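Descriptive analysis of the structure
Next come the chains, spelled out residue by residue.
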Amino acid sequence: MPAACRQLASAARRRIRAAQAPAAPTARQATIVRAFKAAWAARDIDALIGLLDPSATLTGDGGGLVPAAPRPVEGGEQIARYLADLARAAHGNVRLLERTVNGQPGLVAEQDGVTVAVYAFEIAGDQITSIWAILNPGKLRPWATG
């Protein structure tokens, strides 16, 4: 009986691993993040949708100190529209800079020279599956440029 359970568990783990898309190599991730940055800056919803997995999730962390989405935004199209709305509503001079975030390609948003957000990405295959938006000022201190 224990041997049969181990065999079933082993087979289940193999099926799960086979079903998961492999993580994209870092150079490919950087290309995808760069395309995402360009599409976001252009407010190109169709391009954003193409870069986002249909079941992607965007999670914002404002720490209760700054506005952030109160719940994760789910779905590639919903995320694309949410980000396009953010770009339209941005006040001042906002720049997106390509930076390494948690050892992977990511983005840092600066508004009038002050870091206001850091974006980390999870990419599988050729699509973004998760975005983490760090907006909490306390967590942004290490990213301060001044």
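What counts, and where the lines are drawn
Residues numbered from 1 in each chain as written. Predicted model: local features only at pLDDT ≥ 70, side-chain atom pairs only at ≥ 80, totals over all residues. Heavy atoms only, no water. Helix = DSSP H or I, 4+ residues; strand = E, 2+ residues; numbered from the N terminus. Buried < 20%, exposed > 50% of the residue type's maximum accessible area, 1.4 Å probe, protein only. pLDDT = per-residue confidence, 0-100. Expected span 1.5 Å × (residues − 1). Pairing = 2+ DSSP bridges.

This brings us to unusual backbone geometry. Backbone geometry places Arg43, a non-glycine residue, at a positive phi of 55°. When you line up the elements, Arg43 lands in the loop between helix H2 (26–41) and helix H3 (45–51). Note on Arg43: relative accessible area 40%, which makes it partly exposed. Even without being a glycine, Asp112 presents a positive backbone phi close to 50°. Within the secondary structure, Asp112 is located in the loop between strand S4 (104–111) and strand S5 (114–124). Exposure remark for Asp112: the relative accessible area of 54% places this residue in the exposed category.

A word on the confidence of the model for the protein chain. Per-residue pLDDT for the protein chain has a mean of 83; in total, 77% of the residues score no lower than 70. Least confident of the elements in the protein chain is helix H1 (residues 2–19), whose mean pLDDT is 64; most confident is H3, at 95.

So, about H2. Taking 1.5 Å per residue as the helical rise, H2 with its 16 residues ought to reach 22 Å, and the 22 Å between its terminal C-alpha atoms agrees with that figure. Along H2, the residues that are buried comprise Gln29, Ala30, Ile32, Val33, Phe36, Ala39 and Trp40. Arg43 lies just past H2 and shows a positive phi near 55°.

A separate point is the pairing of strand S1 (residues 52–61). Where S1 lies against strand S6 (residues 127–134), 6 bridges are found, and the strand directions are parallel. In the sheet register, Thr59 faces S6, and the bridge partner there is Trp132. As paired elements, S1 and strand S2 (residues 73–74) share 2 bridges and run antiparallel to each other. Residue Thr57 lies in a different strand from S2, and its bridge partner there is Glu74.

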